2 protein chains.
Amino acid sequence: MSDNKPYYEHHVFFCMNVREGENCRQSCGKAGAEVAQKHAKKRIKALGLNEPGKVRINQAGCLERCEEGPVVVIYPQGTWYTYVDTSDIDDIIDTHILGGEIVERLKI
Amino acid sequence: MSDNKPYYEHHVFFCMNVREGENCRQSCGKAGAEVAQKHAKKRIKALGLNEPGKVRINQAGCLERCEEGPVVVIYPQGTWYTYVDTSDIDDIIDTHILGGEIVERLKI
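Computed from a prediction, not measured in an experiment: that's the story for all the values here.

Trainee: Even after reading the chapter, I still don't get the interface of chain A and chain B, so can you show me in this structure?
Mentor: Many authors give the size of an interface as the accessible area that is lost as the parts come together. The interface is formed by 29 residues belonging to chain A together with 29 residues belonging to chain B. Regarding the contact of chain A and chain B, the summed buried area is about 2,400 Å², with carbon and sulfur atoms giving 56% of it. For Glu64 of chain B, the salt bridge is made with Arg56 of chain A, and the minimal N-O distance between the two is 3.9 Å. On inspection of chain A and its partner chain B, the count reaches 12 residue pairs in polar contact (both at pLDDT 80 or more). Breaking the side of chain A that touches chain B down by element, the ones donating at least two residues are β1 (10–15), β2 (55–60) and β4 (79–82) of chain A. For the side of chain A that touches chain B, the element with the highest residue contribution is β2 of chain A, accounting for 4 residues. Here the side of chain A that touches chain B is built from residues that sort into 11 nonpolar, 11 polar and 7 charged.

Here is the structure:
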C-alpha cells in the first residue's frame, strides 16, 4: 500500500517540541531545532527545490524520540537523523537529499 | 534508499497551519484541523497503538496543499487525504491504519 510517485520526493519533518521546567526530559526545541529547521528551509529554497515533486521542509510536534534528539525524519524513505549544528544539516541535504545516500554518522 | 522496518508503521501528520486576515488563502487550521488531530490522537491512544512500531499522530506546519485542504499525510506510505469531520478521520483510522486499505473517497 504505497503510492509510486510521492508528492514530495523528500518530506522532511523537524521535531520542534519544547519542554519547559526543571528536571524535564530533553526536547528538540531546546536543542537547536528552530535554527536547524530555518537553515534547512532557506537552503532548500536557495537550491530551487522547494516545490511539489521535490523537497518540503516542515516543522512538527513531538516525534517522541526525545532522548535521541534533536531529531529530524525524512519521508517516504523513513530515515531518522540527529544533528548538532547547521553543518550537520548541510551534510544531510548534500548527502541524503542531493546525493541519495544515507549519512551514517547521524542516522539513529 | 529506504529502511525496511519503519520506526512508526503509520506516521500521520496533520497540517495545522492557520492563515489570518481577509482574502487570505484557505488554511487547514481554519478548517477543523485541531479537532481532527486531537480526535485521531485520542482514538489511536484508546486503541493502544500509540507507540514505536505502531502509530504516531503529529501536528505539522503548512504542508502546502492549502487549496485541497484540510489535509493529512500518512507515511511511509505517502498517502494524502482530505477530510470534513471526525467521521472521516475514523474512516481513515479504520480503513487505512487498521485495515491496510486506501480510503479512495478521501484520497487526494
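After that view of the structure, there is still more to cover.
Trainee: For this particular structure, what's the right way to read the side chain of Gln37 of chain A?
Mentor: All names here are of chain A. Along the polypeptide, Gln37 turns up in helix α1 (residues 33–46). Overall, the relative accessible area of 4% leaves Gln37 in the buried class. Separated by 3.4 Å, the side chains of Gln37 and Gln59 make a polar contact.

Trainee: Teacher, can you tell me more about the pairing of strand β2 (residues 55–60) of chain B here?
Mentor: Each regular strand displays side chains that alternate between the two surfaces of the sheet. Judged by how many residues are buried, β2 of chain B sits mostly within the fold: 5 of 6 residues are covered. Taken together, strand β1 (residues 10–15) of chain B, helix α1 (residues 33–46) of chain B and β2 of chain B constitute a β-α-β crossover, and its handedness is right-handed.

Trainee: What should I look at first to understand the state of the cysteines in this one?
Mentor: Summed over the entire model, instances satisfying the criterion amount to 0 disulfides over all chains. In this structure Cys28 of chain A is not part of a disulfide, and its nearest cysteine sulfur, from Cys15 of chain A, lies 3.7 Å away. Classification of Cys28 of chain A as buried rests on a relative accessible area of 3%. Left without a disulfide partner, Cys24 of chain B is nearest to the cysteine sulfur of Cys66 of chain B, which lies 10 Å away. Cys24 of chain B gets classed as partly exposed once you look at its relative accessible area, which sits at 33%.

Cut-offs and rules
Residues numbered from 1 in each chain as written. Chains lettered and ligands numbered in written order. Predicted model: local features only at pLDDT ≥ 70, side-chain atom pairs only at ≥ 80, totals over all residues. Heavy atoms only, no water. Contact = heavy atoms within 4.5 Å. Buried area = accessible area lost by both parts, 1.4 Å probe. Salt bridge = Lys/Arg side-chain N within 4 Å of Asp/Glu carboxyl O. Polar contact = N/O pair within 3.5 Å; in protein donor to acceptor, adjacent residues only side chain to side chain. Helix = DSSP H or I, 4+ residues; strand = E, 2+ residues; numbered from the N terminus. Nonpolar A, V, L, I, M, F, W, Y, C, P; charged D, E, K, R; others polar. Buried < 20%, exposed > 50% of the residue type's maximum accessible area, 1.4 Å probe, protein only. Right-handed = clockwise from strand over helix to strand, strands pointing away. Disulfide = S-S within 2.5 Å.

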